[in-house]
Amino acid sequence: MTQIVQSTLLMSLGLGTMMTFASTHWLLAWMGIEINTLALIPLMVQNPHPRAVEAATKYFFAQTVASALLLFATFSNSYLTGTWNIPLMSHPTPMALCILALAMKVGLAPLHTWLPEVMQALDLRIALILSTWQKLAPLYLMYQIPLTSSNILLTLGLLSIIVGGLGGFNQVQLRKILAYSSIAHLGWMILILSISPPLTLLALYTYLLISTSLFLSLMLLRAKHISSLSTSWAKIPTLTAILPFILLSLGGLPPLTGFAPKWLITMELVNEGMTLMALIAILSSLLSLYFYLRLFYTTTLTTPPNNLPGTLPWRFHPQHNTLVPALTITATITLLPLTPTILAYLTW
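From a predicted model like this one, the values you see are computed outputs, not experimental measurements.

Quick look at the overall build of the protein
Reasoning step 1: In terms of helices and strands, the protein carries 15 helices and zero strands.
Reasoning step 2: In terms of C-alpha radius of gyration, the protein reaches 20 Å, essentially the compact-globule figure of 20 Å for 348 residues.
Reasoning step 3: Counting only C-alpha atoms and orienting by the principal axes, one finds that the protein spans roughly 70 × 50 × 35 Å.
Reasoning step 4: When the 348 residues of the protein are sorted by exposure, 52% land in the buried category.
Reasoning step 5: For the protein, long-range pairs separated by at least 24 residues make up 78% of all intrachain contacts whose partners lie at least 6 apart in sequence.
Reasoning step 6: Roughly 15,600 Å² of accessible area belongs to the protein as shown, and the carbon and sulfur atoms make up 70% of that amount.

Put into C-alpha cells, the structure is as follows:
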C-alpha cells in the first residue's frame, strides 16, 4: 500500500469521526460511521495474510449488521415521531434499537464476540486504531441519545465489566487480552453514562491515554504473545521496567492515573443508591486485574526465559518514534493528582 493511499484512508478515518461529531441528523451521523468503517477495512488487509483477511471479513459483517440495525431504528424513529434530530428522540423502541446497534459497533457485551477475534489477527498499529479511535463516534451518539430509562445502559455496562474480566482468563495473545480489557473499560463508561456524563468522558480520556501507552510500548518491544515479554529485558530494559506500571494503571490501582475514573464512578454509584451494582463492578474489575498482574509477573522477570544466552534477541535501535510513547507513559503514571482539575474542566 502506497503512502498516498494510506494517508487518504487515515484522513477518511478522521473525516468520518468529525462528520459524526458535527451531525445532529441521524442520516449524516450514520454516513460518518460508515466512512469510518470503510476506511479501516483496507488498512486491516494491507498485509494480505489469510488471518488478516478473515479478521477484516468478520469486522465487515459485524459492522454491517450493526449499521443496518441503526438505520432501521432511525427510520422507525422518523416514522413514529417525525424527526431525524438525534437529541429529539422520544420513542423508547427506536432508542433501545439504536443503543443496541451502537453497542455492537463498539463491542459491548453481549454483542462483543467479534472484537477479540478481529483484534487477535491485526497488526498492533491497526489494533490501536480499532481500540481507541473507532470507539469515539458510536460513544458520542450514545451520549447524545436522550434516554427515558437508564436500565439498558446499566445492564450493558455491568455485563461488559463481567465479560471483560472473565474473558481475559487463560489468554496468551496480548491483542486478545487487550480486546477484553477494552470491553471491560467500555463497561465502566457505559455504566455511568446515564448518571454522570462528565465521568464517562474522564473514563474515556483515561482509557485512550493508557491504551495508547500500552500499544506503543508493545510496538517498541515487538511483542504479540505473553511469552515474548519474558525476553523484553534484552531489547529495551528501561521500557520493560516501566511496563508494569502501565499495566497496573490500566487495572486501576492507586496512585496511578487509571485509579481516578474507577474511584469516582464507584463513589457516584454509591451516592445514587446503587451500592450492589458498584460492588459487582469492583469485584468484576478484580478479574481484569488478575490478567494484568499475570503480565506484570512475566515482565518483571520473575519468570525466567527458556532460551539460551546465545539466542537472545539483538538490542536494535527502535524503529518507531519514542517521543510520543514517552509523553503518554509519563501521563499514564503521574496524572492522578490532577484529577480534580481535569474533572472540573469536563463539568464546566
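Resuming the write-up.
Side note on the side chain of Ser76
Reasoning step 1: Tracing the chain through its elements places Ser76 in helix H3 (residues 50–81).
Reasoning step 2: You can call Ser76 buried: its relative accessible area is 17%.

A few points about unusual backbone geometry
Reasoning step 1: Omega for the peptide link from Ala109 to Pro110 comes to 5 degrees, which places this bond in the cis form.
Reasoning step 2: The omega angle of the peptide bond from Pro254 to Pro255 is 0 degrees, so this bond is cis rather than trans.
Reasoning step 3: With respect to the secondary-structure elements, Pro255 resides in the loop between helix H11 (237–251) and helix H12 (259–271).
Reasoning step 4: Of note in this structure, Asn170 is not a glycine but carries a positive phi near 60 degrees.
Reasoning step 5: Looking at the element boundaries, Asn170 is found in the loop between helix H8 (151–167) and helix H9 (174–193).
Reasoning step 6: With a phi close to 55 degrees, Arg222 is a non-glycine residue in the positive phi region.
Reasoning step 7: Within the secondary structure layout, Arg222 lies in the loop between helix H10 (197–221) and H11.
Reasoning step 8: Looking at Arg222, the relative accessible area reads 48%, which means it is partly exposed.

Quick notes on the packing of H10 against H12
The relative placement of two packed helices is expressed as an angle between their axes plus a distance between the axes.
Reasoning step 1: Two elements in contact, H10 and H12, have axes separated by 9 Å at closest approach and are oriented at 160 degrees. Here H10 lies roughly antiparallel to H12, going by the angle between them. With respect to the hand of their crossing, H10 and H12 are arranged in left-handed fashion. Of the residues in H12, those touching H10 at Leu199, Leu202, Ala203 and Thr206 are Pro261, Leu264, Ile265 and Glu268.
Reasoning step 2: Its residues assigned to classes, the contact of H10 with H12 comprises six nonpolar, one polar and one charged.

Quick word on the pattern of salt bridges
Reasoning step 1: Going through the model one piece at a time under the given rule, you end up with three salt bridges.
Reasoning step 2: A salt bridge links Lys105 to Glu34, with the nearest nitrogen and oxygen atoms 3.3 Å apart. With a gap of 71 residues between them, Lys105 in helix H4 (residues 92–106) and Glu34 in helix H2 (residues 26–44) connect regions that are remote in the sequence. Across the pair, exposure class does not vary: Lys105 and Glu34 are buried alike.
Reasoning step 3: Here Lys58 and Glu54 are joined by a salt bridge, their closest N and O atoms 3.1 Å apart. Residue Lys58 and its partner Glu54 are located together in helix H3, separated by four residues, close to a single helical turn.
Reasoning step 4: Classification of Lys58 by relative accessible area gives partly exposed; the value is 34%.
Reasoning step 5: We classify Glu54 as partly exposed; its relative accessible area is 42%.

Analysis parameters
- Residues numbered from 1 in each chain as written.
- Predicted model: local features only at pLDDT ≥ 70, side-chain atom pairs only at ≥ 80, totals over all residues.
- Heavy atoms only, no water.
- Helix = DSSP H or I, 4+ residues; strand = E, 2+ residues; numbered from the N terminus.
- Rg over C-alpha atoms; globule rule 2.2 N^0.38 Å.
- Buried < 20%, exposed > 50% of the residue type's maximum accessible area, 1.4 Å probe, protein only.
- Contact = heavy atoms within 4.5 Å.
- Areas by Shrake-Rupley, 256 points an atom, 1.4 Å probe, with all protein chains shown as cover.
- Axes fitted to C-alpha atoms, helices over the stretch in contact; angles between N-to-C directions.
- Parallel < 35°, antiparallel > 145°, perpendicular 65-115°, else oblique.
- Left-handed = near helix turned anticlockwise from the far one by under 90°.
- Nonpolar A, V, L, I, M, F, W, Y, C, P; charged D, E, K, R; others polar.
- Salt bridge = Lys/Arg side-chain N within 4 Å of Asp/Glu carboxyl O.

What is shown is where atoms sit, not what they do.
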